[in-house]
Amino acid sequence: MAKKGYDFTGGKPVIRRDDATGSGAIANQGRVWAVGMNFAFTVMGGGLLGYLIQRFAMPSAAPWPLVIGLGCGMLIGLIQFIREAMKLNKR
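Along each chain, residues carry numbers from 1 onward, in the same order as the chain's sequence is written. Local features in this predicted model are restricted to residues whose pLDDT is 70 or higher, and side-chain atom pairs enter the listing and the counts only when it is 80 or higher, whereas totals over whole chains, interfaces and linings include all residues. By convention in this description, side-chain values take in all heavy atoms of the structure and omit both hydrogens and water.

1. A look at a nonpolar patch on the surface
For step 1, the next point in the chain: Like charges are joined within 9 Å and nonpolar side chains (Val, Leu, Ile, Met, Phe, Trp, Tyr) within 5 Å, but only among residues with over 30% relative accessible area and no salt bridge; these make up the patches. Each accessible area value is a Shrake-Rupley result obtained with a 1.4 Å probe; residue values ignore everything except the protein chains displayed when judging cover. Here a salt bridge means any side-chain nitrogen of Lys or Arg lying within 4 Å of a carboxyl oxygen belonging to Asp or Glu. The grouping of W33, M37, F41 and M44 at the surface amounts to a nonpolar patch, some 470 Å² of accessible area in total.
For step 2, the next point in the chain: Summarising the element assignment, M37 is placed in helix α1 (residues 25-57).
For step 3, the next point in the chain: Residue burial is assigned from relative accessible area. The probe radius is 1.4 Å, only protein chains are included, and a residue is buried under 20% of its type maximum, exposed over 50%, and partly exposed in between. Classification of M37 by relative accessible area gives partly exposed; the value is 35%. Numbered from the N terminus, helices here are DSSP runs of H or I no shorter than four residues, and strands are runs of E no shorter than two.

What follows is the structure in structure tokens.
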């Protein structure tokens, strides 16, 4: 349950949580956003790596390094997404 307290910087009322673990709705929403952003950045990282390989190492193999990089990023991101979602589901 939330208690009203004071922040001692002018007597303005603030809300303090009883639980210090941050298990409120906003904290849970932040954790879910972090899992989703982790997936998105992993896919972008794989795509960037594939693009750099295509651009500098193998320019004649036109779209394949990019496609393989995106595929690997999606696979790794999906594995991480499932692991993190299972962890969050246990809480």
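2. Quick word on α1
For step 1, the next point in the chain: Here the expected span of a helix is defined as 1.5 Å times the quantity of residues minus one. In this model α1 runs 47 Å from its N-terminal to its C-terminal C-alpha over 33 residues, within 8% of the 48 Å that 1.5 Å per residue would give.
For step 2, the next point in the chain: Listed in full, the buried residues belonging to α1 are V35, T42, V43, G46, G47, G50 and Q54.

3. A short note on the side chain of T42
For step 1, the next point in the chain: Note on placement: T42 falls in helix α1.
For step 2, the next point in the chain: A residue is classified by how much of its surface remains accessible, and T42, at 17% relative accessible area, is buried.
For step 3, the next point in the chain: Only heavy atoms enter the contact rule, under which two residues are in contact if any of them lie within 4.5 Å. Setting aside anything within four residues of it in sequence, one finds T42 in contact with G73, I76, G77 and Q80.

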